Amino acid sequence: LADACIHQALLLLYEWACHKYGIPQGYDGSPQSLVVLGMGKLGGRELNFSSDVDLIFAYPSTGQTYGVSEPISNEEFFVRLCRGLIKTIGSRTSEGIVFRVDMNLRPYGQSGPLVMSFDVMEAYYQTSEGIVFRVDMNLRPYGQSGPLVMSFDVMEAYYQEQGREWERYAWIKARVVAGDQQAGERLIESLNPFVYRRYLDFGAFESLRNMKQKISLEVKRKSMSHNIKLGLGGIREIEFFGQIFQLIRGGVVPALQEQSILKVLKVLARENYIPLQTCDDLICAYEFLRNTEHRLQEFSDQQVHEIPEDPVASIRLAASMGFADPESFARCLEQHRRIVHDHFSQLLGAGDSKRIDDRGQKIESGLQAVWQDILEDDQVRKVLAEAGFENPDHVMRVLDDLRNDPETRLLSSHGRNRLDKLMPIMLKVIGRSEHSLVVLSRIVDLIKAIERRTNYLALLLENRIAIVHLVKLAVASPWVVSFLARHPVLLDELLDPRTLYLPPEKSDLEEEMHKKFDLIPSADLEVKIQELCIFKQANVLRVAAADVTGAVPLMRTSDHLTEIAETVLNKVVDLSWEHLAQRHGIPGCQLDDEKIGKGFAVIAYGKLGGFELGYGSDLDLVFLHAGTRGQTRGGKYPIDNAQFFARLGQRVVHILTAHTPSGVLYQPDMRLRPSGSSGILVSHIQGFKEYQMNKAWTWEHQAIIKARPISGDIRMAKRFEQIRNQVLIRPRIMSNLKQEVVDMRDRMRRELSSPEPEVFDLKQDTGGIVDIEFLVQYLVLLKAGEYNELTRWTDTVRLLETLNQTGIINADIAHLLKVAYLTYRAAVHQLSLQEKPAKVHENKFRDLRKNVEKIWNEFMHVQ
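The written sequence of each chain sets the order in which its residues are numbered from 1. Where local features are concerned, this predicted model is filtered to residues with pLDDT of at least 70; where side-chain atom pairs are given and counted, the filter is 80 or more; whole-chain, interface and lining totals use all residues. As a rule here, side-chain values cover all heavy atoms of the structure and leave hydrogens and water aside.

1. Description of the overall build of the protein chain
What counts here: Put simply, DSSP H or I for four residues or longer makes a helix, DSSP E for two residues or longer makes a strand, and each gets a number counted from the N terminus. In this description, accessible areas are obtained by the Shrake-Rupley approach with a 1.4 Å probe, and a residue is regarded as covered only by the protein chains that are shown. The sign given to each residue is positive for Lys and Arg and negative for Asp and Glu; His and the chain ends receive no count. Charged groups are reduced to one reference atom each: NZ for lysine, CZ for arginine, CG for aspartic acid, CD for glutamic acid.
A count of helical and extended segments in the protein chain gives 36 helices and 21 strands. Summed over all atoms, the accessible surface of the protein chain reaches about 38,600 Å², with 50% contributed by carbon and sulfur. Side chains of the protein chain give 105 positive and 113 negative charges; the mean places of these two sets differ by 2 Å.

2. Observations regarding the packing of helix α30 (residues 698–705) against helix α33 (residues 769–783)
The cut-off we apply is this: Working convention: axes come from line fits to C-alpha atoms, limited for helices to the stretch in contact. Angles between N-to-C directions cover 0 to 180 degrees. For classification purposes, angles smaller than 35 degrees are called roughly parallel, those larger than 145 roughly antiparallel, those between 65 and 115 roughly perpendicular, and all remaining angles oblique. Residue contacts are counted whenever heavy atoms from the two residues lie within 4.5 Å of one another. As a working rule, the residues Ala, Val, Leu, Ile, Met, Phe, Trp, Tyr, Cys and Pro are called nonpolar, Asp, Glu, Lys and Arg charged, and the rest polar, with Gly in that last group.
Orientation of α30 relative to α33, taken along the N-to-C sense of each, is 95°, at an axis distance of 10 Å. With respect to α33, the element α30 is oriented roughly perpendicular. Residues Thr698, His701, Gln702 and Ile705 of α30 touch α33, and the partners they reach there are Phe774, Gln777, Val780 and Leu781. For the contact of α30 with α33, the residue count by class is four nonpolar, four polar and no charged.

3. Topic: helix α36 (residues 846–860)
What counts here: A helix's residues, less one, multiplied by 1.5 Å, set its expected span. Three labels apply to residues, based on accessible area from a 1.4 Å probe with only protein chains included: buried if under 20% of the type maximum, exposed if over 50%, partly exposed otherwise in between. What the arc describes is the spread of directions from the helix axis to the C-beta atoms.
For α36, which comprises 15 residues, the first-to-last C-alpha distance of 21 Å matches the rise-based estimate of 21 Å (1.5 Å per residue) to within 8%. If you check which residues of α36 are buried, you get Leu848, Arg849, Val852, Ile855, Trp856, Phe859 and Met860. One side of α36 carries all its buried residues, which in axial view fall inside an arc of 130°. Opposite the packed face of α36, turned more than 90 degrees from it, sit the exposed residues Asp847, Lys854 and Glu858. In this structure, the buried residues of α36 make contact with α32 (734–752), β20 (759–761), α33 and α35 (811–833).

4. Topic: the pattern of salt bridges
We count it as follows: One speaks of a salt bridge when a side-chain nitrogen belonging to Lys or Arg is within 4 Å of a carboxyl oxygen belonging to Asp or Glu.
According to the stated counting rule, one finds 40 salt bridges in the structure shown. Two residues, Glu531 and Lys516, come together in a salt bridge whose shortest N-O distance is 3.6 Å. Here Lys516 lies in helix α24 (residues 506–518) and Glu531 lies in helix α25 (residues 525–548), a separation of 15 residues in the sequence. Overall, the relative accessible area of 11% leaves Glu531 in the buried class. Under the relative-accessibility criterion, Lys516 is labelled partly exposed at 27%. Connected through salt bridges with shared partners, the residues Glu505, Arg556, Asp559 and Glu563 form a single ionic network.

5. Overview of the environment of Arg381
Quick reminder of the rule: N or O atoms within 3.5 Å of each other form a polar contact, as long as, within protein, one can give a hydrogen and the other can take it, and as long as residues adjacent in sequence are counted only when both atoms are side-chain atoms.
Here Arg381 shows up in helix α15 (residues 377–387). Along the sequence, Arg381 and Leu621 sit 240 residues apart, while their C-alpha atoms lie 56 Å from each other. Excluding anything up to four places from it in sequence, Arg381 contacts Pro392, Asp393 and Met396. A distance of 2.7 Å separates a polar atom in the side chain of Arg381 from a polar atom in the side chain of Asp393.

6. Description of the environment of Lys516
Taking the C-alpha atoms as reference points, Lys516 and Glu271, separated by 245 residues in sequence, lie 9.9 Å from one another. When near neighbours in sequence (up to four residues on either side) are disregarded, Lys516 contacts Glu531 and Phe535.

7. Thoughts on the pairing of strand β2 (residues 35–39)
We apply this condition: Two strands are counted as paired when DSSP detects at least two bridges linking them.
In terms of burial, β2 is a largely internal element, five of the five residues being buried. Residues Val35, Leu37 and Met39 point to one face of β2 and Val36 and Gly38 to the other, with burial holding for every one of them. Pairing analysis gives five bridges linking β2 to strand β3 (residues 53–59), with the strands arranged antiparallel. Within the sheet, the bridge partner assigned to Val35 lies in β3 and is Ala58.

8. Details of a negative patch on the surface
How we decide: Like charges within 9 Å and nonpolar side chains (Val, Leu, Ile, Met, Phe, Trp, Tyr) within 5 Å are joined into patches, using only residues over 30% in relative accessible area that form no salt bridge.
On the surface, Glu185, Glu189, Asp524 and Glu526 cluster together to form a negatively charged patch. When you line up the elements, Asp524 lands in the loop between α24 and α25. On the basis of relative accessible area, Asp524 is assigned to the partly exposed category, the value being 31%.

9. Considering α35
Between the first and last C-alpha of α35 there are 33 Å, a value that for 23 residues agrees with the 33 Å anticipated at 1.5 Å per step. Among the residues making up α35, those that are buried are Ile813, Ala814, Leu817, Ala820, Tyr821, Tyr824, Arg825, Ala827, Val828, His829, Leu831 and Leu833. Of the residues flanking the start of α35, the one acting as N-cap is Asn810, its side-chain oxygen 3.1 Å from the backbone nitrogen of Asp812. Downstream of α35 by one or two residues, Glu835 has phi in the positive range, about 55°.

10. Description of the state of the cysteines
Spelled out, the test is: Pairs of cysteine sulfur atoms within 2.5 Å are identified as disulfides in what follows.
Counted according to the given criterion, the structure contains zero disulfides. Summary of cysteine pairing: Cys82 is not part of a disulfide, and the nearest cysteine sulfur, belonging to Cys18, is at 13 Å.

11. A short note on the confidence of the model for the protein chain
The predicted coordinates ought not to be read in detail in places where the model reports low pLDDT. So the rule is basically this: Confidence of the predictor in every single residue is expressed as pLDDT, which spans 0 to 100.
With 90% of its residues at a pLDDT of 70 or more, the protein chain has an overall mean of 87. The least confident element of the protein chain is helix α4 (residues 118–125), whose mean pLDDT is 58; the most confident is strand β14 (residues 600–605), at 97. For the stretch residues 126–138, pLDDT sits under 50, and the model shows 57 contacts to residues farther than four places along the chain or on other chains. Note on residues 350–356: pLDDT under 50 across the span, and nine contacts to partners over four residues away in sequence or across chains.

12. Topic: the packing of aromatic side chains
Formally: Only Phe, Tyr and Trp rings are paired, with Trp represented by its six-membered ring, and only when their centres lie within 6.5 Å; those with planes under 30 degrees apart are stacked, over 60 edge-to-face, the remainder tilted.
This model, assessed by the stated rule, comprises 19 aromatic pairs. Consider the rings of Tyr59 and Phe78, whose centres lie 4.7 Å apart with planes at 20°: the pair is stacked. Pair noted here: Tyr59 is in strand β3 and Phe78 is in helix α3 (residues 74–90), with a separation of 19 residues, a long-range link. Across this residue pair, the class does not change: Tyr59 and Phe78 are buried. On the numbers, 6.1 Å between centres and 80° between planes, the contact of Phe288 with Phe323 is edge-to-face. Of this pair, Phe288 sits in helix α11 (residues 276–300) while Phe323 is found in the loop between α12 (311–320) and α13 (326–346), placing the two residues 35 residues apart along the sequence. Through a chain of ring-to-ring contacts, three or more aromatic side chains come together here, namely Tyr14, Tyr21, Tyr59, Phe77 and Phe78.

13. Thoughts on the pairing of strand β1 (residues 23–26)
Burial along β1 is one-sided: the face carrying Pro24 and Gly26 is buried and the face carrying Ile23 and Gln25 is not. As paired strands, β1 and strand β4 (residues 63–66) are joined by four bridges and run antiparallel to one another. The residue of β4 that forms the bridge with Pro24 is Thr65.

14. A closer look at the packing of α32 against α33
In a packed pair of helices, the relevant descriptors are the angle between the two axes and the axis-to-axis distance. Which entries qualify depends on this criterion: By the definition used in this description, the sense in which the near helix is turned from the far one sets the handedness, with an anticlockwise turn below a right angle giving left-handed and a clockwise turn giving right-handed.
Between α32 and α33, the shortest axis-to-axis distance is 10 Å and the interhelical angle comes to 160°. With respect to α33, the axis of α32 lies roughly antiparallel. Crossing of α32 over α33 shows right-handed handedness. Seen from α32, the contacting residues are Met734, Leu737, Lys738, Val741, Met744, Arg745, Met748 and Arg749; seen from α33, they are Val770, Asp771, Phe774, Tyr778, Leu781 and Leu782. Classifying every residue of the contact of α32 with α33 by side-chain character gives 10 nonpolar, no polar and four charged.

Encoded structure:
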């Protein structure tokens, strides 16, 4: 109703103003219209029966009117228009009043301009992080002294240069309620970075905590025990509960950029930021309190929030709420308010920190003095020894190095204060760990990488549980710490142990992906790629955390990493197809004279194809299509079908390798396509078949053993499987095949192995991983025509089991090769997590290596 009243009044007033003062236009000649922004309850669609309407006015750009003999500036035009609008809907008449208008929320307050240009308003709000509690509600730029209306450029400049931190809190509910809707949406979008930081804004904790304290103090000072809006357990506490999450996480969780508190609470429960019971409690209480608020205002037609003490009024209120007597209503109201206040009280506290005992407090105080470098060396050694460090002198050197690091020296006073608070806590946890000195060095390297982004220091400082898990992972693996240093946004994953050590199954990955992308605007490809990067990295971190703590075995680790890659790749293909199809239309495709859908498939080779992906593995890929002759149909810019698929492949590679603030997705390796690096990027499936059957080298047939379709048209996938099967079952001459496999193995060893004394290269040396893989591939190519079940699997372990089941190798040989293969892979895996090459002392796996060499010679000896 308020939106309609304001909008209709504005339409009439604008028409009259244009007739009297001329039509406002920008310097580029474009017509100018007013934008009316609703704030507070109007913005949130939460008006009561007697609410004010909180408004901010803006117009797109400066200029002057035309069409009259005496033109005026756009600013003067819109000031007069806004004054007329306020008078029209806010003046008391014999018929009453439409709505009381509150303009205190505009930039500069009551003395600020009545209307602003977009860029001034946006610039005003682009300012420092943090927020202070909104007490006086003078949220317009420049507070009570603010102009009534501003051009966009003036308003943007204001928020960039002078925007106050608490104004972020107010702008959460901003909404275009009348006037030029499209221009208003542009303004809100331009101010969005002021409200929602493009990162997890844990730096706002301190100011939010101050806000919460001010709320509590205000309640006590003003004796608001009967006030259902501002009192304990009231509406404001529920709104504050949700808005805390909006300010901290809204920049990276777009679903939280929502004006309605009820929708925000539901998003928080859906994203597992709060328990479902908490969500239900707060929603139930909010609806009860708001209904009570409505009943109070319906009777008095005033902005009343106080529960009446008068007996008759109490009976009337209880009856209007459906209660038989005031006592039962009061009990229900008190229960809701108590539950709300309990949830409110738990916010921003040290909820994940255990109480520090006297000894722990003493150690922390001592470590504070150590970090501040105010003790004599002997005292420092004593404190560090008591904290659990075995080599205090080395610790002192590490801390000196951090204190004197250029990044540390460049910290702002605010950032240095956070680091000074964090380090004693961090040192205490590290001192209790195994290999404390090694762990300290790893953690210090991480701090050096993230300290200039002090928001991450705030995250750790506010969540001691995150420090505990960070140290636990640093004990197990330097790779995990390096991974976090490269992608510090993942520090947020340390906050929830329920998910940190539990990698999701593929169905859960797909559901998580679906939910994430439902919340991203369809046109924003850059944001989608960045979200894909964060999705991939967060899930890889969960796999690594589970891996280094022994929660999952090696085979499942590779499975999880493979499933993450497949899920990401499927989304990348979808994004690429959507982008090209929207521009160029749909290509024609067919198999065996039958038209098919997308006619595109991604084939995984190598480690991805064999379910053996590691943490830093490339993706060996081949792209196939079934495009027909002719052009695409249905797009604005049709192109040749083959060209469409070539661009599709390029687009997939581009997205996989695009550099974003959150890193890169994967490095694809396309050299296994027909004719290698000199071949076309996307091959027609018929051409692929002809190449494999007539031109491919033996090593390419070895490679196709590990190949499998992982994305694209299901009929294309089936056709590839048919081609692969035909390639593998071809009859081969044993001596020729053996010679070709041995020659290729010798060539690989010469090119990729660098012999070192007393060192065993687990992959390339004789008796290593590649020998086992080549032996298995030789036997598959030799026997697949006789035993078709050998074409079923792509991974080495199940192929070994099948070779045994078919009698091609006996159980002892299969067992020896399987044990050696899994042992080597586990060692490579652990060395990777320790950031070491895949090499060990020659004595470590001497017996396994000898067994593999013996089996190789039995099968692969060339006369």
